[in-house]
Amino acid sequence: MSAPVPGEPVVPKPPRAERSSIAGPAGDLEALIETPAVELPDPGGVGAFAVVCHPHSLHGGTLDNKVVYTVARACGQLGAAAIRFNFRGVGASAGRYDQGRGEAADARAVIDFGRRRFPGAALWLGGFSFGAAVAAGIAAEVRAARVVLIAPGITVVDVAAPVPECPWLIVQGDADDVVPPQAVLDWARSLAAAPGVPPPDVRLLAGAGHFFHGRLHDLRQAVLEFMAA
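Since we're looking at a predicted model, the values are computed, not measured.

S.K.: Explain unusual backbone geometry to me, and be specific about the residues and the numbers.
M.R.: In this structure, glutamine 99 takes a positive phi of about 55° despite not being glycine. Relative to the helices and strands, glutamine 99 is located in the loop between strand S4 (81-85) and helix H2 (101-117). Assessed through its relative accessible area of 52%, glutamine 99 is described here as exposed. The backbone of phenylalanine 212 sits at a positive phi, close to 55°, despite the residue not being glycine. Note on placement: phenylalanine 212 falls in the loop between strand S8 (201-205) and helix H5 (216-228). In this structure phenylalanine 212 comes out as buried when scored by relative accessible area, which is 0%.

Here it is, written out as structure tokens:
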């Protein structure tokens, strides 16, 4: 391989991708596991692994969603492994949609798998829309070290569980026509008022809609800045 040319940007290598299935409570879950394209002394030796949950199963949400992809790749750029997976009833995953309850159990199963696959690694938990609400609901229970919520679907899934005592990020478009931005901001403010809960890092993207069309670069930068801090 030729040496980098001084002054030219270094393009990171794409991660190693592994299509797999993970045992879930309703049957096998289709998953994509990506690990940094660097030589590690121990294949499980990454410092962190990210689990990123996709948007609503009944409205086209899958592990290949562009926002989920963007978040997972941003985590990978920082040296973390990333696991994207399909909730029950999506793609090759077994089972049926379960209004967020079963999907939370699916996410727990994927996290358990990640902890076995990457022992000692910190958990970074994220999601988009419906998936962000699912992630928020289990984040404290699974002891996430960092939490990234993209346009969390709090009006679709009731998030009654406490947010963990760890850094957490909300990225929200102020032109979102699916999840009301003010509802998200009010929800975050109410949680941050609880004792011991750190205030979220809220990034409100002016003019961005729910799906971040044309704004994926801004989304990626927000995640990178938060995770690298």
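S.K.: I'd like to hear about the sheet that holds strand S2 (residues 27-35), residue by residue, with values.
M.R.: Read from one edge of the open sheet, eight strands run S1-S2-S4-S3-S5-S6-S7-S8, paired in mixed fashion. Pairing within the sheet leaves two strands with one partner each, and these edge strands are strand S1 (16-24) and S8. With direction set aside, neighbouring strand axes in the sheet form an average angle of 20°. Sheet analysis places S1 next to S2, joined by nine bridges and oriented antiparallel. Following the sheet pairing, serine 21 is matched in S2 by glutamate 30.

S.K.: Account for the environment of leucine 58, with residues named and values stated.
M.R.: Counting through the fold element by element, leucine 58 comes out in the loop between strand S3 (48-53) and helix H1 (66-77). The exposure class assigned to leucine 58 is exposed, which follows from its relative accessible area of 53%. A sequence separation of 32 residues divides leucine 58 from valine 90, and the C-alpha atoms of the two residues are 8.5 Å apart.

S.K.: How would you sum up the side chain of aspartate 106? Please name residues and give values.
M.R.: Structurally, the position occupied by aspartate 106 is in helix H2. For aspartate 106, a relative accessible area of 0% corresponds to the buried category. Once you skip the residues sitting within four places of it in the chain, aspartate 106 turns out to touch Pro25, Leu29, Phe85, Phe87 and Arg88.

S.K.: Go over the nonpolar core with me, naming the residues and quoting the values.
M.R.: Val51, Ile83, Leu125, Leu149, Trp168 and Trp187 are the most contacted members of the largest nonpolar core, which has 46 residues in total. Looking at this core, the element that brings in the most residues is helix H3 (residues 130-138), giving seven residues. Ignoring any residue separated from it by four or fewer positions in sequence, one finds tryptophan 187 in contact with Ala136, Leu149, Pro152, Ile154, Val159, Trp168 and Ile170.

S.K.: Account for the state of the cysteines, naming residues and giving values.
M.R.: Across all of its chains, the model carries zero disulfides by this definition. Its sulfur unpaired, cysteine 75 is 12 Å from the next cysteine sulfur, which belongs to cysteine 53. With no disulfide of its own, cysteine 166 lies closest to cysteine 75 among cysteine sulfurs, the gap being 13 Å.

S.K.: Which residues make up the packing of aromatic side chains, and what values go with them?
M.R.: Inspection of the entire model under this criterion finds seven aromatic pairs. Between phenylalanine 87 and phenylalanine 130, the ring centres sit 5.8 Å apart and the planes meet at 85°, which makes this aromatic pair edge-to-face. Here phenylalanine 87, found in the loop between S4 and H2, pairs with phenylalanine 130, found in helix H3; they are 43 residues apart in sequence, far enough to count as distant. The pair formed by phenylalanine 87 and phenylalanine 130 is uniform in burial state, with each residue classed as buried. Through a chain of ring-to-ring contacts, three or more aromatic side chains come together here, namely Phe85, Phe87, Tyr97 and Phe130. We note arginine 146 situated over the ring of phenylalanine 226; from NZ or CZ to the ring centre the distance is 5.2 Å.

Rules behind the numbers
- Residues numbered from 1 in each chain as written.
- Predicted model: local features only at pLDDT ≥ 70, side-chain atom pairs only at ≥ 80, totals over all residues.
- Heavy atoms only, no water.
- Helix = DSSP H or I, 4+ residues; strand = E, 2+ residues; numbered from the N terminus.
- Buried < 20%, exposed > 50% of the residue type's maximum accessible area, 1.4 Å probe, protein only.
- Pairing = 2+ DSSP bridges.
- Axes fitted to C-alpha atoms, helices over the stretch in contact; angles between N-to-C directions.
- Contact = heavy atoms within 4.5 Å.
- Core = buried A, V, L, I, M, F, W, Y, C linked by side-chain atoms within 4.5 Å.
- Disulfide = S-S within 2.5 Å.
- Phe/Tyr/Trp six-rings, centres within 6.5 Å; stacked < 30°, edge-to-face > 60°.
- Lys NZ or Arg CZ within 6 Å of the ring centre and 35° of its normal.

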